[in-house]
Amino acid sequence: MPLPPVKDVYSGRVNEITLGGGDRKSVTVGGARTAPYGGDHEVTGRRPVIAVDVLDAAPDEWPPVLAEAYADVLGDPAAWARKAVEESDAELICLKFDGIHPDKGDRDAEHAVDVAGKVVDAVDVPLILWGSGSPDKDNAIMPKVSEAAKGENVLLGTVTEDNYKNLTAIALADGHFLISEAPLDINIAKQVNILVSDMGFPLERMVMFQTTGALGYGMEYAYSLQERQRLAALGGDKLMAMPLICDVGHEAWRAKEAKASDDDAPEWGDAARRGPLWETTTAIALLQSGADIVRMRHPKAIAAVQAYIKDLWGDA
């Protein structure tokens, strides 16, 4: 006789959050009450989702294989977002403000607010508004971006241990969700969440981002740490109970194995297939570690990961 399936029972769960809503479509993530894809389907939580990256300014460092996929819209974020929704069935759009970074154009608040407004109007899916990673520029500009998206129930970020007060206050005032960031360290992640919570921001409106490497670049450490976060949440740790987001596209496409051209590395195979496969494999590994949202870039990789998620979850 076949053995009965193992059913794990935990006291805690991952928080559920719903982005968007109102006149905009909504997406709910989180809710898991067991290890990733383990046990009964009813306790595995919400289906993970893909957020397609859109940049506020045309990137000049993308490898040709990636840039060619969006060649007709790279200079128009609103058209780029529409293309991602119409052609890749994007459930979320992550608008990344690289162009305001001092080393990537140093664009001003007027530019950022204009781009945010156009993307808000261009698509009806929920939005992630992600800063440049420059503390000074993000503190000066992202509050204005947040205000431009007020009422849209977006996911805003990121806040860190040393740079959390300004964005936390504005996310609270504008009614947005918030991304807390930590450098692959559970103790620092908890500290950021405590600091944000102490300002009155609800833990239930937060998503955690642990900086991650791509396939072959610290993947094992990132995977094991995110597993520990999930297990801590299932054990009842409220400071670890937030859904997880991973920046797959950026990390995968800066690996030399993904971006090297055919001329530079002919022995590695066709770059047009190799790069998307590198992003695909990175995304699937991080989904298996417990990620709820993965940020992705190449349409072929997005399609492959969508098929993987559908195989596990069906159309639900």
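Everything discussed here concerns the structure shown above.
For clarity, every value in this text was computed on a predicted model and none was experimentally measured. (Residues numbered from 1 in each chain as written. Predicted model: local features only at pLDDT ≥ 70, side-chain atom pairs only at ≥ 80, totals over all residues. Heavy atoms only, no water.)

**Student:** With reference to specific residues and values, describe the pairing of strand S6 (residues 155-159).
**Tutor:** Of all the 5 residues making up S6, 5 are buried; the element is thus mostly covered by neighbouring parts of the structure. Bridge count for strand S5 (residues 127-130) against S6 is 3 bridges, and the pairing is parallel. Across the sheet, residue leucine 129 finds its bridge partner in S6, namely leucine 156. At this point the chain moves from S5, through helix H4 (residues 135-148), to the parallel S6, and the crossover so formed is right-handed. One ladder, built from 4 bridges, connects S6 with strand S7 (residues 177-182); its direction is parallel. Bridge assignment links leucine 155 to a residue of S7, and that residue is phenylalanine 177. (Buried < 20%, exposed > 50% of the residue type's maximum accessible area, 1.4 Å probe, protein only. Helix = DSSP H or I, 4+ residues; strand = E, 2+ residues; numbered from the N terminus. Pairing = 2+ DSSP bridges. Right-handed = clockwise from strand over helix to strand, strands pointing away.)

**Student:** Please provide a residue-by-residue account of helix H5 (residues 165-174), values included.
**Tutor:** For H5, the full list of buried residues reads Leu167, Thr168, Ile170, Ala171 and Asp174. Next to the buried residues of H5 lie H4, S6, S7 and helix H6 (186-198). Glycine 175 sits one or two positions beyond H5 and adopts a positive phi of about 75°. (Contact = heavy atoms within 4.5 Å.)

**Student:** Can you tell me about the nonpolar core, naming the residues and giving the values?
**Tutor:** Ranked by internal contacts, the top residues of the largest apolar core, which has 83 residues, are Tyr70, Ile93, Phe97, Leu129 and Met296. With 7 residues, helix H3 (residues 109-122) is the largest single contributor of residues to this core. Judged by nonpolar contacts, the second largest core, of 17 residues, contains Ile17, Val27, Val49 and Cys94. (Core = buried A, V, L, I, M, F, W, Y, C linked by side-chain atoms within 4.5 Å.)

**Student:** Please give an account of the pattern of salt bridges that cites residues and values.
**Tutor:** Within the structure shown, the criterion is met by 17 salt bridges. Taking the shortest distance from any N to any O, the salt bridge between lysine 118 and aspartate 114 comes out at 3.2 Å. Separated by 4 residues within a single helix, lysine 118 and aspartate 114 lie in helix H3, roughly one turn from each other. What makes aspartate 114 partly exposed here is its relative accessible area of 39%. For the salt bridge of arginine 254 with glutamate 251, the shortest nitrogen-to-oxygen distance reads 3.1 Å. Ionic contacts of the salt-bridge type, sharing partners, join the residues Asp53, Asp247, Arg295 and Arg297 into one network. (Salt bridge = Lys/Arg side-chain N within 4 Å of Asp/Glu carboxyl O.)

**Student:** I'd like to hear about helix H10 (residues 271-288), residue by residue, with values.
**Tutor:** Taking 1.5 Å as the rise per residue, H10 with 18 residues should run 26 Å; its terminal C-alpha atoms sit 26 Å apart, in good agreement. Among the 18 residues of H10, 13 are classified as buried, and the element is accordingly described as predominantly covered. Near the N-terminus of H10, the side chain that reaches the backbone nitrogen of alanine 272, with its oxygen 3.1 Å away, is that of aspartate 270. Phi turns positive, to about 120°, at glycine 290, one or two residues after H10. (Expected span 1.5 Å × (residues − 1). Polar contact = N/O pair within 3.5 Å; in protein donor to acceptor, adjacent residues only side chain to side chain.)

**Student:** Requested: an account of the side chain of aspartate 53, with residues and values cited.
**Tutor:** You can see aspartate 53 is positioned in strand S3 (residues 49-55). Within polar-contact distance, the side chain of aspartate 53 engages the side chain of arginine 297 at 2.9 Å. Dropping the residues within four chain positions of it, aspartate 53 is found in contact with Trp80, Cys94, Asp247, Arg295, Met296 and Arg297.

**Student:** Talk me through the environment of tryptophan 130; I want residue IDs and the actual numbers.
**Tutor:** By secondary structure assignment, the location of tryptophan 130 is in strand S5. Taking the C-alpha atoms as reference, tryptophan 130 lies 8.7 Å from aspartate 98; in sequence the two are 32 residues apart.

**Student:** Explain the packing of H4 against H5 to me, and be specific about the residues and the numbers.
**Tutor:** For any two helices packed against each other, one specifies the inter-axial angle together with the distance between the axes. Relative orientation of the contacting elements H4 and H5 amounts to 10°, with a least axis distance of 10 Å. The orientation of H4 with respect to H5, classified from their angle, is roughly parallel. For the pair H4 and H5, the contacting residues are Asn139, Met142, Pro143, Ser146 and Glu147 in the first and Asn166, Leu167, Ile170 and Asp174 in the second. Of the residues assigned to the contact of H4 with H5, the class counts are 4 nonpolar, 3 polar and 2 charged. (Axes fitted to C-alpha atoms, helices over the stretch in contact; angles between N-to-C directions. Parallel < 35°, antiparallel > 145°, perpendicular 65-115°, else oblique. Nonpolar A, V, L, I, M, F, W, Y, C, P; charged D, E, K, R; others polar.)

That's the geometry; what it means functionally is another story.
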